[in-house]
Amino acid sequence: KILVTGALGQIGSELIQKLRDTYGEDNVVATDIRETEADVVKSGPFELLDVTDGKRMYEIAKSYQVDSVIHLAALLSATAEAKPLFAWKINMDGLLNALEVARELKTQFFTPSSIGAFGPTTPKDLTPQNTIQRPTTMYGINKVTGELLSDYYHQKFGVDTRGLRFPGLISYVTPPGGGTTDYAVEIYYDAVKKGEYTSYIAKGTFMDMMYMPDALNAIIDLMEADASKLKHRNSFNVTAMSVDPEAIAKAIRKYIPHFKLDYQVDPIRQSIADSWPNSIDASSAKEEWGFKVAYDLEKMTEDIIKKLKDKLL
Ligand code: VAH
């Protein structure tokens, strides 16, 4: 049985269904701080959980006798930069509680890191798996701390912790909230709805991105990987593409020819994006557990526009 926190978030709202399809509906316990009418709540076990309440998290994990914890609940980069102390509390107290549950109940453990775990002094192009990590955002500090804490729980207590440094994730089910890479989701929604988009990230700002189906497969592939093959654990660089707003717009115009892109740069989210890599190197993930992606920019654009037209029009 798998306990998932942050089940109503951008990753959770799709991962829950994928896990339930893969492992059986009753074997995936979805939790979040609020309850909604979403399928996630109705298609299997759901519990209200504030991840800063470690006692309640333990009670839920114990009562369902889970053998795996997937901790997704967190505030993303832009929200965290606006409320740094609140972000530290949610992101770090939540993570520590989840790691403690995994230690006490001897479960497997997954939590995402991010390209946000790198900073301005990190090599920006094809950022290596092992390199300088001095992020200048509260979110990045939370992610680096999370990587170190998860590795510590593995080395010190033998917890089977594993993680992925996700790039910006692009999805059409539940848009992200409070991220810096959210422009790459909004641009598709607005292209379908309005045929135009005003980007808050400047032209020429390259960041790694990945289509959500590839992200979900990467989580499952990593969690099922042979532990003896893992030289790294927290956390693997993974990516599918490195794009800027212009590249996405060019791909969109193959399906929406008159799509118009203009810019109104948000200095705060631009400065976060500027502190992150332009592209990262995922060779360790490929070598150690066979990481691969099915969607490049073209394939993702074709699929997401089709799905958004069905959803929005
Ligand atoms: C964010 N979508 O923008 C998240 C992610 C790499 C970006 O961490 O904060």
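- You'll find the protein chain entered in an unreviewed UniProt entry as UDP-glucose 4-epimerase, with Tepidibacillus decaturensis given as the organism.
- Reading the Sequence similarities (unreviewed entry) entry of the UniProt record for the protein chain gives the comment "Belongs to the NAD(P)-dependent epimerase/dehydratase family."

1. Concerning the packing of helix α7 (residues 183-193) against helix α9 (residues 245-252)
- It is the contact of α7 with α9, at a shortest axis distance of 11 Å, that shows an interaxial angle of 30 degrees. The angle between α7 and α9 places the two elements in the roughly parallel class. The two elements α7 and α9 meet at a crossing, and its hand is right-handed. Judged by residue contacts, Tyr183, Ala184, Ile187, Tyr188 and Ala191 of α7 engage Pro245, Ile248, Ala249 and Ile252 from α9.
- Of the residues belonging to the contact of α7 with α9, the class tally is 9 nonpolar, no polar and no charged.

2. So, the side chain of Asp32
- Mapping Asp32 onto the fold places it in strand β2 (residues 28-32).
- Engagement of the side chain of Asp32 in a polar contact is seen with the backbone nitrogen of Leu8, the distance being 2.8 Å.
- With near-sequence residues (within four places) excluded, Asp32 lies in contact with Gly6, Ala7, Leu8, Gly9, Phe46, Glu47, Leu48 and Leu49.

3. Considering unusual backbone geometry
- Look at the link from Asn234 to Ser235: it is a cis peptide, with omega at 0 degrees.
- With respect to the element layout, Ser235 can be found in the loop between α8 (212-224) and β10 (236-237).
- At Gln65, a position not held by glycine, the phi torsion is positive, near 50 degrees.
- Using a relative accessible area of 68% as the deciding quantity, one classes Gln65 as exposed.
- We note that Lys106 has phi near 50 degrees; this positive angle belongs to a residue other than glycine.
- Position of Lys106 among the secondary structure elements: in the loop between α5 (84-104) and β5 (108-114).
- By relative accessible area, Lys106 is classed as exposed at 73%.

4. A look at the layout of surface pockets
- In this structure, the largest pocket occupies an estimated 870 Å³ of space.
- Leu72, Ala73, Ala74, Leu75 and Leu76 are the residues nearest the centre of the largest pocket, which is lined by 40 residues in total.
- In terms of residue count, the dominant contributor to the lining of the largest pocket is β5 (3 residues).
- Taken as a whole, the second largest pocket holds about 270 Å³ of empty space.
- Taken together, 13 residues line the second largest pocket, and the ones lying closest to its centre are Ser13, Ala38, Val40, Val173 and Thr174.
- Residue contributions to the lining of the second largest pocket peak at 4 residues, all from helix α1 (residues 12-23).

5. Looking at the packing of helix α3 (residues 54-63) against α5
- At a closest axis distance of 9 Å, the pairing of α3 and α5 adopts a crossing angle of 35 degrees. Here α3 and α5 pass one another in a crossing that is right-handed. Residue-level contacts link Gly54, Met57, Tyr58 and Ala61 of α3 to Gly94, Asn97, Ala98, Val101 and Glu104 of α5.
- By residue class, the composition of the contact of α3 with α5 is 5 nonpolar, 3 polar and 1 charged.

Rules behind the numbers
- Residues numbered from 1 in each chain as written.
- Predicted model: local features only at pLDDT ≥ 70, side-chain atom pairs only at ≥ 80, totals over all residues.
- Heavy atoms only, no water.
- UniProt positions renumbered as here; feature names shortened; annotations may be inferred.
- Axes fitted to C-alpha atoms, helices over the stretch in contact; angles between N-to-C directions.
- Helix = DSSP H or I, 4+ residues; strand = E, 2+ residues; numbered from the N terminus.
- Parallel < 35°, antiparallel > 145°, perpendicular 65-115°, else oblique.
- Left-handed = near helix turned anticlockwise from the far one by under 90°.
- Contact = heavy atoms within 4.5 Å.
- Nonpolar A, V, L, I, M, F, W, Y, C, P; charged D, E, K, R; others polar.
- Polar contact = N/O pair within 3.5 Å; in protein donor to acceptor, adjacent residues only side chain to side chain.
- Buried < 20%, exposed > 50% of the residue type's maximum accessible area, 1.4 Å probe, protein only.
- 1 Å grid on protein atoms, 1.4 Å probe; cavity = no way out; pocket = protein on both sides within 12 Å on 5 of 7 lines; lining within 4 Å.
- Points joined across faces, edges and corners; volume = space filled by probe spheres on them.

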